[in-house]
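Chain by chain, the residues run as shown.
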Amino acid sequence: MFMKYQIACAALALMTSAPAFAQEEPSSPVTVSGSVGLVSDYRFRGVSQSDRGMAIQGGITATHESGFYVGTWASSLGGWGRFGGSNMELDLVAGYAMPLGENATLDVGLTWYMYPSGADKTDFAEPYVKLSSQIGPVKGLIGVAYAPKQQALGRWSYTAQNANDVLEGLPYDNEGDKEDNFYGWVDLSGAVPNTPVTLKAHMGWSNGNPGLGPNGTSIAPTGKYLDWLVGADVAIPGTPLTVGVAYVDTDIARVEEDYLRPNFMVNDSKDAGKSIARSTILFSLTAAF
């Protein structure tokens, strides 16, 4: 989560030395939050997007006091065989968050996933709904995201061999096919009292097209599968930095991966030939503002 700060004049501090007739500057109705970070592996719903390598990430969000917000987030990618060869994911986000009672928030929005310098057929839109609640030090979130039928989610090739055939001039199995995708997830986090440590856990379920989209893409490559994460974040006192460590895994079986090779394997690195959905220990360093 991004740490937030208020865009406003330092009127409160000035009031202590200003003349009695001075008036407080009006605060801005917009709050801006952001972060930049480095991760040992960019995992999207349990599957590596950076060929099991390091990734640079960052984002910024502007939130109006009414609850409307807009933002953008980006990450480097592996850049081979997937997303039209793009080296970058760029997400545009917009939504509205409203309080429900004293401890709950309903958040409705849309994410537009883009892959600059890659094929435009890989871009897609995904609306989402999230319900979160805070009880003492524990925060829980339930979310659902449904991407309606789009070419980027279609099953253009049933196997990696089909995709390789296309490179040799043969036609796609079903060029222009449009499919949809559903993702549901639960997040839990809680601060450990009197420490800078926050424990976190995640469980998600994907249901989408079990094949390869254009340029080897698919956000649910084996159709239906689970992904999960357990870990901890440690805020470094006196700094905006947070260090994180987490265990990430999926229930994607090896037999399910076989028909997606080589697109489901790491390419051109020390981990070449390894699956991009196998378990890993994920490290992160984030600076929030």
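Preceding this section is the structure that the text describes.
Residues numbered from 1 in each chain as written. Predicted model: local features only at pLDDT ≥ 70, side-chain atom pairs only at ≥ 80, totals over all residues. Heavy atoms only, no water.

1. A short note on unusual backbone geometry
This is how it is decided: Counting from the N terminus, the helices are the DSSP runs of H or I reaching at least four residues and the strands are the DSSP runs of E reaching at least two.
At Asp 51, a residue that is not glycine, the phi angle is positive and equals roughly 55°. Structurally, the position occupied by Asp 51 is in the loop between strand E4 (47–48) and strand E5 (55–64). For Arg 52, which is not glycine, the phi dihedral falls at a positive 60°. Position of Arg 52 relative to the elements: it lies in the loop between E4 and E5.

2. Details of the environment of Asn 87
For the record, the criterion: Partly exposed describes any residue whose relative accessible area lies between the buried limit of under 20% and the exposed limit of over 50%, with all areas from a 1.4 Å probe on protein chains only and scaled to the type maximum.
Tracing the chain through its elements places Asn 87 in the loop between strand E6 (68–76) and strand E7 (88–100). Of the residues examined, Asn 87 reaches a relative accessible area of 53% and is grouped as exposed.

3. Here's the deal with the nonpolar core
Heads up, the rule is: For our purposes a nonpolar core is just a set of buried Ala, Val, Leu, Ile, Met, Phe, Trp, Tyr and Cys residues, chained together by side-chain atoms within 4.5 Å. For this analysis, residues touch if any pair of their heavy atoms sits within 4.5 Å.
Core analysis: the largest hydrophobic core is formed by 16 residues, its most contacted members being Tyr 42, Phe 44, Tyr 113, Tyr 115, Phe 124, Leu 153 and Ile 219. Those residues within four positions of Phe 44 in sequence are excluded, and the remaining contacts are Gln 49, Tyr 113, Ile 219 and Tyr 225. Core analysis: the next-biggest nonpolar cluster, separate from the first, contains nine residues, Val 47, Leu 212, Ala 220 and Ala 277 among them.

4. Digging into a nonpolar patch on the surface
Applicable threshold: Here the term patch refers to residues with relative accessible area over 30% and no salt bridge, with like charges joined within 9 Å and nonpolar side chains (Val, Leu, Ile, Met, Phe, Trp, Tyr) within 5 Å. Per-residue accessibility takes into account occlusion by the displayed protein chains alone, with areas from the Shrake-Rupley method and a 1.4 Å probe. Any carboxyl oxygen of Asp or Glu that lies within 4 Å of a side-chain nitrogen of Lys or Arg is treated as forming a salt bridge with it.
The grouping of Leu 38, Met 54, Ile 56, Val 234, Ile 236, Val 243 and Leu 285 at the surface amounts to a nonpolar patch, some 590 Å² of accessible area in total. By the element assignment, Leu 38 lies in strand E2 (residues 30–39). We classify Leu 38 as partly exposed; its relative accessible area is 36%.

5. Digging into the pairing of strand E9 (residues 124–135)
Selection rule: Being paired, for any two strands, means DSSP has found at least two bridges between them.
Sheet topology places strand E8 (residues 104–114) next to E9; 10 bridges connect them, and they run antiparallel. For Leu 110, the partnering residue across the bridge sits in E9 and is Pro 127. In terms of strand pairing, E9 meets strand E10 (residues 138–150) through eight bridges, oriented antiparallel. Residue Gln 134 lies in a different strand from E10, and its bridge partner there is Lys 139. A loop of two residues connects E9 with E10, the two strands running antiparallel in sequence, and Gly 136 in this loop sits at a positive phi of about 60°.

6. Side note on the pattern of salt bridges
One pass over the structure, following the stated rule, counts four salt bridges. Of the charged contacts, one joins Arg 43 and Asp 41 as a salt bridge, the two residues approaching to 2.7 Å between their closest N and O atoms. Take Arg 43: its relative accessible area is 12%, and that puts it in the buried class. What makes Asp 41 buried here is its relative accessible area of 4%. Between Asp 107 and Lys 130 there is a salt bridge, with the nearest N and O atoms lying 3.8 Å from each other. Here Asp 107, found in strand E8, pairs with Lys 130, found in strand E9; they are 23 residues apart in sequence, far enough to count as distant. Using a relative accessible area of 13% as the deciding quantity, one classes Asp 107 as buried.

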